[in-house]
Structures are given as structure tokens and as C-alpha cells.
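# Coordinate analysis (summary)
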Amino acid sequence: MEKMSPTQNDDSGSETERAILRYIPESVDYLHSVTKFSREELKTLYRNFKNECPNGMVNEETLKHIYGQFFPDGDSDAYAHLVFKSFDRGNSGVVNFERFAIGLSRLLRGTLKDRLRWTFELYDAKGLGYITKDDVATIVRSVYKLLGSCAQPQLNDDDVTEHVDRVFDKLDLNRVGKVEFDDFYEVCTKDESVVLSMSVFDHAM
């Protein structure tokens, strides 16, 4: 994989900015070993990533712009924010190519458990290790905003609330108002309708 070099040599700016300027991605061989992408796929993915993010890092605003291009009829900001948080678990404000490629591999090429773990982390935006009904509502509303006029069926607020109540009632096996990953995984592997009703996999990337 071609290497990226700093665009300037001074030490001005914040620590994050200096880290971005110094950033050089790992080799194709390393990324091939930790993802399920081929070497050629990684090279293509990197070229596309670099076109959108010349400095080798993607921030939240860039991701919102990318989603806006794919979903021009909706409001992509809320969903893009949640996707970005799922990649940026360290709250650094930027995501490098390695983290992006590894996350994308989990979502697109991972096992069902990998994909459900990614989905759970998307819902668990605060990183608490569990999700609540409010977390489910946030995702569902963001998906409908993302799709805009293309969403079928068109739902009003009451419909969304009913939808969220129905999904969370299935997930909350212990009736404690929060769901940890093991329960989430158990329900989703036994009831495919839950996964479909959450409308995440089809819109994540």
C-alpha cells in the first residue's frame, strides 16, 4: 500500500492535528491479516478513502457529507453521527484507515455475531455496555430521517414509538429496561424479524 506523508513539517496546531499530519497507514499485508478483504480490495478501498480524506483520517463532518451524497432525499446527520461514534470509540474526533477497514470488514464480511456486535455498538453510542429503549428510538428515528421520502412505509411519531416499543419488548428478556449484548445476540439469532425491524445492516455503509 502506498504510504502517506505529512503535508507540512511545522509543529503548530493541536496534538490531534499533528497526529493527522504524521499519520501513515499500515501495510497491505498487515490489513489483509486482520480483515477479510483481499489485498486488491484493500488497495481499492484505500484509494477511495484517500480521495475523500486526503490526510488519511475521516472526521464526523466528512462522514456526514458522504452519507448526504448517498441519501440526498433525507437528513443523514443523525445516523452518520452514530456510525462515526461506533468507529471512534476513543472519542478522538478522527478515524484512521485501519480502524475504518477493520470495522467495515466486521460489518460486510464478518460472521453474524460480528455483525450483531457492530450493530449493538452502534446502538450503544455511549459505550455503556448495554442499550435502552431510548437508544433504540434514537437509531430508528435516525434511519427514517436518513431515508427521508424514500422510507417505506412513511411513519408518524406514534408509529415510530409503537415500533420501538415492540422491538425493545422482544430484546428486554429480563424486563429491567436495559439489554446487554448476550441477550441482544440471543434474541436476534432466534428471531430474524428483530434484526430486520431495526433496519441497520442495509443502511450502515
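Residues numbered from 1 in each chain as written. Predicted model: local features only at pLDDT ≥ 70, side-chain atom pairs only at ≥ 80, totals over all residues. Heavy atoms only, no water.

If you tally the helices and strands in the chain, you get 11 helices and 4 strands. Put simply, the chain has 205 residues, and 40% of those count as buried. Summarising the internal contacts of the chain: among those between residues at least 6 apart in sequence, 62% fall at separations of at least 24. (Helix = DSSP H or I, 4+ residues; strand = E, 2+ residues; numbered from the N terminus. Buried < 20%, exposed > 50% of the residue type's maximum accessible area, 1.4 Å probe, protein only. Contact = heavy atoms within 4.5 Å.)

All right, on to the nonpolar core then. Residues Tyr-67, Val-83, Ile-131, Val-136, Leu-171 and Phe-184 are the most contacted members of the largest nonpolar core, which totals 48 residues. The element best represented in this core is helix H8 (residues 133–147), accounting for 7 residues. Not counting the four nearest positions on each side in its chain, Val-136 is found in contact with Tyr-123, Ile-131, Val-164, Val-167 and Phe-168. (Core = buried A, V, L, I, M, F, W, Y, C linked by side-chain atoms within 4.5 Å.)

Attention now goes to the packing of helix H5 (residues 77–87) against H8. Packing of H5 against H8 leaves a shortest axis separation of 7 Å and a crossing angle of 130°. In terms of axis orientation, H5 runs oblique to H8. Contacts between H5 and H8 involve Ala-78, Tyr-79 and Leu-82 from the first element and Thr-138, Ile-139, Ser-142, Val-143 and Leu-146 from the second. Taken together, the residues of the contact of H5 with H8 sort by class into 6 nonpolar, 2 polar and no charged. (Axes fitted to C-alpha atoms, helices over the stretch in contact; angles between N-to-C directions. Parallel < 35°, antiparallel > 145°, perpendicular 65-115°, else oblique. Nonpolar A, V, L, I, M, F, W, Y, C, P; charged D, E, K, R; others polar.)

Okay, the side chain of Asp-183 next. Its location among the elements puts Asp-183 in helix H10 (residues 181–190). Although buried, Asp-183 forms no salt bridge, and the nearest oppositely charged side chain, Arg-175, lies 9.0 Å from it. Ignoring any residue separated from it by four or fewer positions in sequence, one finds Asp-183 in contact with Leu-171, Leu-173 and Asn-174. (Lys, Arg positive; Asp, Glu negative; His and termini not counted. Salt bridge = Lys/Arg side-chain N within 4 Å of Asp/Glu carboxyl O.)

By the secondary structure assignment, Ile-131 is in strand E3 (residues 130–131). When residues no more than four places from it in sequence are discounted, the contact partners of Ile-131 are Phe-120, Tyr-123, Asp-124, Val-136, Phe-168, Leu-171, Gly-177, Lys-178, Val-179 and Phe-184.

Our focus in this paragraph is H8. Over its 15 residues, H8 runs 21 Å from end to end, which matches the ideal 21 Å to within 8%, given 1.5 Å per residue. By the burial criterion, the buried members of H8 are Asp-135, Val-136, Ala-137, Ile-139, Val-140, Ser-142, Val-143, Leu-146 and Leu-147. Buried positions along H8 lie against helix H4 (60–70), H5, helix H7 (112–123), E3 and helix H9 (157–171). Trailing H8 by a residue or two, Gly-148 shows a phi angle of about 55°, which is positive. (Expected span 1.5 Å × (residues − 1).)

Excluding glycine, a negative phi dihedral is what most residues carry, and trans is how most peptide bonds are arranged. Non-glycine residue Asn-91 carries a positive phi angle of around 55°. Not every positive phi belongs to a glycine, and Arg-175 is a case in point at roughly 55°. Of note, Arg-175 is situated in the loop between H9 and strand E4 (179–180).

As far as function goes, none of this settles anything; it's purely spatial.
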